[in-house]
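Close look at the chain arrangement
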Amino acid sequence: MAAVLGWNADQYVAHIATSWLAFGLVALGLDLVWGKGGDLSLGHTVFFGLGAYAYGIAGTNLAPLIGSTVVIGIVAGALIGALAAAVVAFFLFYGRLGPLQTTIITYALVLVMYTAAVGLTFNVGDAYVGGANGMTTVPMLTLGFGDGAAPLSPHGIFLVTLALALVIFIGVLALLRNPFGLVISGIRQNLLKTELLGYDVRLYRLLLFALSGAIAGIGGAIYGAWAMYVSPNIFSVTQALLIPIYVLVGGRGSLWGAFLGAVFVGGLSFWLGGGVVGGQTTLVLGGGLILLILLAPRGILGIVRRRRVAGGEQHSTTTERGDLSGVDELFGREVTGRVLLETVDLQKRFGGVTATDNVSLQFQDCGIHCLIGPNGAGKSTFLTTCLGLLKPNNGRVLFEGQEITAWAPYRRVREGLGIKLQVARILEECTVRENLWLAAYSKLRDKAAAERRVGLVLQTIGLAARADELGGALSHGEQQWLDIGVVLSLEPKLIFLDEPAAGMTGEERRHTVAMLKRISQFAGVVVVEHDMDFIRELDSPVTVLHQGGVFASGTIDELREDERVLDIYLGRPTDA
Ligand SMILES: Nc1ncnc2c1ncn2[C@@H]1O[C@H](COP(=O)(O)OP(=O)(O)OP(=O)(O)O)[C@@H](O)[C@H]1O
């Protein structure tokens, strides 16, 4: 394409094609956070525009001193784009805003920036930012340093831009092939689960957003140099909406599609006689986009690519029986029966409902402890508050004597708390092995050691034969196993299992009991269950919760004889 567009065609085509590549870069930035990370930003034109202004300001002031505006463009665009994106991401992700709020706030950012760019006039050194008139003295792209610096021809600018786009693209692909990419994929699939794997999801999202801002900023710098002028319209809503359109047209999440979309839309506009984007383009693009979403929701690349066989169609019933011989190696640590986690007057209210009512309990570093109680007793709320998924209204959580009440969930997981929530949560687009590997790697930070641990866990949960199938292909019971396996991969000191036997066959339940007993020799295990036969087989101390508070404790046989406990299960009024 390079040769066809840039070399053999005339200068004008090369000139126009350069702008497509610049837009392709900002679209690549957006595809990173949207296609790969799952956050739709409508504000990427802000980072693009800032890159263009930064290039103009830095180029005007520095080009006379150092020459090469290519270098100035890359550095100034990348820095300003990354910085602006990091600031925005900090508020979005550390404020734990939802996806819709993220999109709306980034859109509002476009409105604010447009108004500011139109209204503000100021000088930075020799550069003049002229409000509604934009920046009219933007230096053209030059290569070489000092006296050797020479302006590039349209062909030269195109080739430099193409080389830059290729390097950035390859760099992004390489980065995503690393554990970083797998974590980002986990975040897109299930943010909460990825945090429970021990990853600081806020930081990962911020880093991805900053990287995408840097790429958008470089695209903007190239665009500013290309046009030798920056208009405040770069922050317009029309411009802002074109970027997700490029991504959609090309195929979201494909990365290549970002460039394909920009070239396709830019080419269409060129063909229709509208310059970069103009003329009849808006009309044709709008109609085309509706057709595309209806007929090819995965974009152009989605049409040409063979559809991957959906994992969910490959149900198999050949789960092996797990083998517990690996458990000793999985844990293999000394335990002493000391108190590991303690709650002191823990309270969680939802409006008028006190779901956890001044609960003070202790859990040791070994043995099993069961929590039972009728529906709505507050069992799940208690567990999730201990993990930091819910913020308590009152009380404290201590782990190994240290107060962790204000800690983010991922920190508690890294410290040694693992949880399987009531509904199995796995990463459905990742393989069974990847699910386990992500958990093991978050703890071990060593690829080979994580792989070894995954092998042992697969053997224990009986999913070795299905290791390379997608999580979404597993049956409900198998997903429960995988979720338990994920917790084991974390090398936890204390494990919370919320209804682990739900959806399991009798045989699987027996295996689970044997496994939990074995694990409890090395780690504390807290089980919430409604299945009383399962609880009896675990043969451990039981605490009954009722209306959020601790109601009774003892062995399951003692509690089954306790009239007050029977009353709450049968819904009879009690005097407690
Ligand atoms: N996110 C929430 N918002 C409002 N109320 C909630 C929320 N989560 C739980 N509750 C309420 O808190 C109380 C305790 O719920 P919780 O799910 O902890 O009980 P549970 O013992 O785990 O019940 P089950 O055995 O049915 O899972 C219930 O009255 C429930 O309706």
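A brief structural summary. (Residues numbered from 1 in each chain as written. Predicted model: local features only at pLDDT ≥ 70, side-chain atom pairs only at ≥ 80, totals over all residues. Heavy atoms only, no water.)

On to the site of the ligand, then. As a matter of local geometry, the ligand sits amid 13 residues, with Asn 375, Lys 379, Ser 380, Thr 381 and His 530 nearest to it. At 2.8 Å, a side-chain N or O of Asn 375 approaches an oxygen atom of the ligand. One of the side-chain N or O atoms of Lys 379 is found 2.8 Å from an oxygen atom in the ligand. When the free accessible area of the ligand is taken as 630 Å², the share hidden by the protein chains comes to 61%. Where the shell around the ligand is concerned, the elements lending two or more residues are β6 (353-359) and α15 (379-387). The dominant element in the shell around the ligand, judged by the number of residues it contributes, is α15, at 3 residues. (Near = heavy atom within 4 Å. Polar contact = N/O pair within 3.5 Å; in protein donor to acceptor, adjacent residues only side chain to side chain. Areas by Shrake-Rupley, 256 points an atom, 1.4 Å probe, with all protein chains shown as cover. Helix = DSSP H or I, 4+ residues; strand = E, 2+ residues; numbered from the N terminus.)

Helical geometry: 3.6 residues make up each α-helical turn, so side chains three or four residues apart lie on a common side. When the terminal C-alpha atoms of helix α4 (residues 69-94) are compared, their 36 Å separation across 26 residues agrees well with the 38 Å that a helix rising 1.5 Å per residue should span. N-capping of α4 is provided by Ser 68, with a side-chain oxygen placed 3.3 Å from the backbone N of Val 70. Positive phi shows up at Arg 96, right after α4, with a value of about 50°. (Expected span 1.5 Å × (residues − 1).)

Along the polypeptide, Ile 157 turns up in helix α6 (residues 154-177). Owing to a relative accessible area of 10%, Ile 157 belongs among the buried residues under this scheme. Ile 157 sits 15 residues away from Thr 142 along the chain, and the two C-alpha atoms are 8.5 Å apart. Setting aside anything within four residues of it in sequence, one finds Ile 157 in contact with Thr 18, Leu 141 and Leu 152. (Buried < 20%, exposed > 50% of the residue type's maximum accessible area, 1.4 Å probe, protein only. Contact = heavy atoms within 4.5 Å.)

Here the focus is the packing of aromatic side chains. Enumeration over the complete set of coordinates arrives at 18 aromatic pairs. An angle of 40° between the planes, with centres 5.4 Å apart, marks the rings of Phe 48 and Tyr 223 as tilted. Residue Phe 48 is located in helix α3 (residues 44-66), and its partner Tyr 223 is located in helix α9 (residues 201-227); the two are separated by 175 residues in the primary sequence. With centroids separated by 6.1 Å and ring planes inclined at 70°, the aromatic side chains of Phe 363 and Phe 496 adopt a geometry described as edge-to-face. Here Phe 363, found in strand β7 (residues 362-364), pairs with Phe 496, found in strand β12 (residues 494-498); they are 133 residues apart in sequence, far enough to count as distant. Chaining the aromatic ring pairs together yields one cluster made of Phe 23, Phe 48, Tyr 223, Trp 226 and Tyr 246. (Phe/Tyr/Trp six-rings, centres within 6.5 Å; stacked < 30°, edge-to-face > 60°.)

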